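Descriptive structure summary
As a plain string of letters, each chain reads:
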Protein chains: 2
Amino acid sequence: MSAGTPGLDPALRSWVDSANDPACDFPIQNLPFGRFRRDEGEELRIGVAIGDRVVDLEAAGLFPHQQMKQLLRTSPFERRALRHALVEGLQHGSPQRGTLERALLPLASVQMGLPCDIGDYTDFYVGIHHATAVGKQFRPDAPLLPNYKWVPIGYHGRASTINASGAAFRRPVGQVKPPDSDTPVLRASARLDFELELGIFIGRGNAQGEPIALDGAEDHVFGLALFNDWSARDLQAWEYQPLGPFLSKNFASTVSPWMVTLDALEPFRRPWQRAAGEPLPLPYLDGEANRARGAFDVHLEVWLQTAQMAAAGHAGERISRSSFADAAYWTVAQLVTHHTVNGCRLEGGDMFGSGTLSGPLPDQAGSLLELTAGGKAPLRLPNGETRTFLEDGDTVILRASCEREGARRIGFGECRGTVLPAPKM
Amino acid sequence: MSAGTPGLDPALRSWVDSANDPACDFPIQNLPFGRFRRDEGEELRIGVAIGDRVVDLEAAGLFPHQQMKQLLRTSPFERRALRHALVEGLQHGSPQRGTLERALLPLASVQMGLPCDIGDYTDFYVGIHHATAVGKQFRPDAPLLPNYKWVPIGYHGRASTINASGAAFRRPVGQVKPPDSDTPVLRASARLDFELELGIFIGRGNAQGEPIALDGAEDHVFGLALFNDWSARDLQAWEYQPLGPFLSKNFASTVSPWMVTLDALEPFRRPWQRAAGEPLPLPYLDGEANRARGAFDVHLEVWLQTAQMAAAGHAGERISRSSFADAAYWTVAQLVTHHTVNGCRLEGGDMFGSGTLSGPLPDQAGSLLELTAGGKAPLRLPNGETRTFLEDGDTVILRASCEREGARRIGFGECRGTVLPAPKM
């Protein structure tokens, strides 16, 4: 597949100068897809990020629809052809520069929306270090349940409250049971947390009753984005048995604007294997291509900007770093195959959350629940502030990038959300 | 509200003769909404059931759109006006008979689809007798968890596999852990079950961050339908901890074609109250109108038609009877308010499942898990067959109706689905 993927040569440069800055998330090697509008009230249109610009795909004559759903449904072959055309047109010296230049807008001048209308949203739980750390808080002797190493654990989440990056949301109110009381109270969450995840966007779907085999599973994946699955830990503790998290999660989540395609991630593949002593997956989740190149080496970061920092013009502090490949117990392909082994139907625009992608070390945790040992060990910020859980006015920013010798670094942009005070009760 | 609701007079008759048959589910007092097509390939159109006919709402000049989403978004006032116009036009002696007659099609000539495009689907767990019976199989001493009587327990389900009534689906394959093994195997579910539920369709939504108070909650509900939440108990037992059911549920569910409006259900309201000794709900879930008239007295039935019965031309056997008002621990209004207390956004076309509506007695159970004591006590059918769980070729039919002195009986139609063999592995 790699051989046929256009635009991966690290020497390739674009006539969009800003794209050639080594620190830029969106060089010609990336070309992620998202949706933008120029004015409030305008319908969202498909765009491709290049440097500090966005290509209006329809205006550029590269795709005849403004509907992302149409693009999601294209075959891998059609998507490859579109990538080829974008690389041809955007590369330094391209004769199509004139045409494309007219379809280019400054990113700073547009408003980015959700990457697509999200259909069904599934949240997985593939971060084994997260699952272990959280499990330890409940069951010190047996943090991982017996199914964890066999079943890619997942559950359905709420699509209607997935927000575009930049949106603020109100601290949720809900039932909490104080430890010293037999009865719950209704109050604003006091243990509001973030969760560092990747969002996996489904491209082509499958028919109900027709499982997707592991070998072709990635053909159904359009791309990855950053995802913050905000969580109210106090609501969660009281409500989640026996059917799982509900109001503790569905008040808001945030996704970054750009779907980074698997084509762009091609140079950052890694072998996937089970460590010695770990059980091998059941045969439907095991395959040669998955072992050889099923993992993606995506570097992840969490930044916190408190209201005090924002007032001081400070962009925030990095509070955690992690890696998708190190954190995830299962690959993207395995998630697709597991999700459909029972005949479940996926459709273009469905999104999977990866689950919280904590690394193995304490400072690589993807949530405050872990970073502060359940609120017992406050996080000390360089400006003297401390945090156990999120406070009103806090902004959490997730970032991701891929980097290795012999490849051009690409980035995901950012996934940003701000906590507003709870509504008055 | 009752005083202003047109068409509830039990003496009212329609010029559609079949609607006046006392056994008919769709008299002029009902007027449920659904979607139909005349031919494969045609877009679904909004229809209203009357006797054995369907009114094409747009063709009748009663609503200017074919899109159910537009109808769902109307205000209760607009919906009342539409109901008024339908009653005026369809009642015996109406001068508009000529116009409406041209917009009438035999139900037998059309194909019914899903009542609407379903957005987010939430499954609740309000059947306290079901929760108790299922809980007993896991925890004989404490069948109900401590949160059950405080939190209307719910979780998100899969919208993409909700099928229209009549559709068959394949038995799901999934991971099952045999009791005598330490490791799971992949196989077709051997404990496939139905779940008798009502579907609650959301009409007008709310903005994210804006909870819906109990007093106005029913204004956001468009109507009720029958819902079968097919469940693979063996998959469920292995996968569901700690985040809830996933592949054990999302392979298929089935909804009946007609949304019976709260206006039509008005005569069948019942007071809602907590039994002596039961905790009162927290204040956000308690209110005078909810206590006085929050419950709906809907009679429910489950029928099973085996392949052998179908071959013999036998329509099936009733295997359970239950009642929404007796089974449900929470009201529809309480579910809407609880779902949004954290700011979660509901939208027209979202659907809630009620949870399995088992009555208090063993033969009122809404699932085979309960009817057969977890498969230990097979159900004996009159033709000599037995069932622990569902077999290939079995058809399950759910039915519902409302009946009381002084009101015209109304019905919900039926919710029908058939089990096909699992795909070859």
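None of these values were measured; they are calculated from a predicted model.

Residue and element names in this part refer to chain A. Taken as a whole, this structure holds 62 salt bridges over all chains when the rule is applied. Two residues, Arg291 and Asp286, come together in a salt bridge whose shortest N-O distance is 2.5 Å. Residue Arg399 is joined to Glu414 by a salt bridge in which the shortest nitrogen-to-oxygen separation is 3.0 Å. With Arg399 in strand E25 (residues 395-402) and Glu414 in strand E26 (residues 410-420), the pair connects residues that are 15 residues apart, well separated along the chain. Residue classification places Glu414 among the partly exposed positions, given a relative accessible area of 26%. One salt-bridge network, held together by shared partners, links Asp193, Glu195, Asp229, Arg233 and Lys249.

On to the domain arrangement of chain A. Put simply, an interface is often sized by how much accessible area is lost when its parts join up. All names here are of chain A. Looking at the assigned domains, one finds that chain A contains domain 1 (2-112) and domain 2 (121-420). Computed from C-alpha atoms alone, the centre-to-centre distance between domain 1 and domain 2 is 27 Å. Contacts between domain 1 and domain 2 engage 36 residues on the former and 28 residues on the latter. For the domain 1 and domain 2 pair, buried surface summed over both sides reaches about 2,400 Å², with 60% attributable to carbon and sulfur atoms. There are three salt bridges connecting domain 1 and domain 2.

Here the focus is the interface of chain A and chain B. On the side of chain B, 56 residues touch chain A, which itself brings 57 residues to the contact. With both sides pooled, the region where chain A packs onto chain B buries about 5,300 Å², and carbon together with sulfur makes up 59% of that total. Of all residues in chain A, Arg158, Leu243 and Phe246 of chain A bury the most surface against chain B, accounting for 15% of the area lost on that side. One salt bridge in this structure joins Arg158 of chain B and Asp350 of chain A, with 2.7 Å as the shortest N-O distance. On the surface where chain A and chain B come into contact, there are 34 residue pairs in polar contact (both at pLDDT 80 or more). Only strand E6 (121-124), strand E7 (154-156), strand E9 (168-170), strand E10 (173-176), strand E11 (185-188), helix H5 (233-239) and helix H10 (332-340) of chain A provide two or more residues apiece to the side of chain A that touches chain B. In terms of residues, the side of chain A that touches chain B owes the most to one element, E7 of chain A, which gives three residues. Residue composition of the side of chain A that touches chain B, grouped by class: 32 nonpolar, 18 polar and seven charged.

With that settled, the discussion passes to the packing of aromatic side chains. For the structure shown, the criterion picks out 20 aromatic pairs over all chains. With a centroid separation of 5.8 Å and an interplanar angle of 90 degrees, the aromatic rings of Phe246 of chain A and Phe124 of chain B are classed as edge-to-face. Note that Phe246 of chain A is positioned in the loop between H5 and strand E16 (253-255) and Phe124 of chain B in strand E6 (residues 121-124), a pairing that runs across two chains. When the ring of Phe169 of chain B is compared with that of Phe251 of chain B, the centres are 5.9 Å apart and the planes differ by 40 degrees; the resulting orientation is tilted. On the criterion of sequence distance, the pair formed by Phe169 of chain B in strand E9 (residues 168-170) and Phe251 of chain B in the loop between helix H5 (233-239) and strand E16 (253-255) is long-range, its members being 82 residues apart. Exposure remark for Phe169 of chain B: the relative accessible area of 2% places this residue in the buried category. A relative accessible area of 2% places Phe251 of chain B in the buried class.

So, how was this worked out
Residues numbered from 1 in each chain as written. Chains lettered and ligands numbered in written order. Predicted model: local features only at pLDDT ≥ 70, side-chain atom pairs only at ≥ 80, totals over all residues. Heavy atoms only, no water. Salt bridge = Lys/Arg side-chain N within 4 Å of Asp/Glu carboxyl O. Helix = DSSP H or I, 4+ residues; strand = E, 2+ residues; numbered from the N terminus. Buried < 20%, exposed > 50% of the residue type's maximum accessible area, 1.4 Å probe, protein only. Domains from an automatic or database assignment. Contact = heavy atoms within 4.5 Å. Buried area = accessible area lost by both parts, 1.4 Å probe. Polar contact = N/O pair within 3.5 Å; in protein donor to acceptor, adjacent residues only side chain to side chain. Nonpolar A, V, L, I, M, F, W, Y, C, P; charged D, E, K, R; others polar. Phe/Tyr/Trp six-rings, centres within 6.5 Å; stacked < 30°, edge-to-face > 60°.

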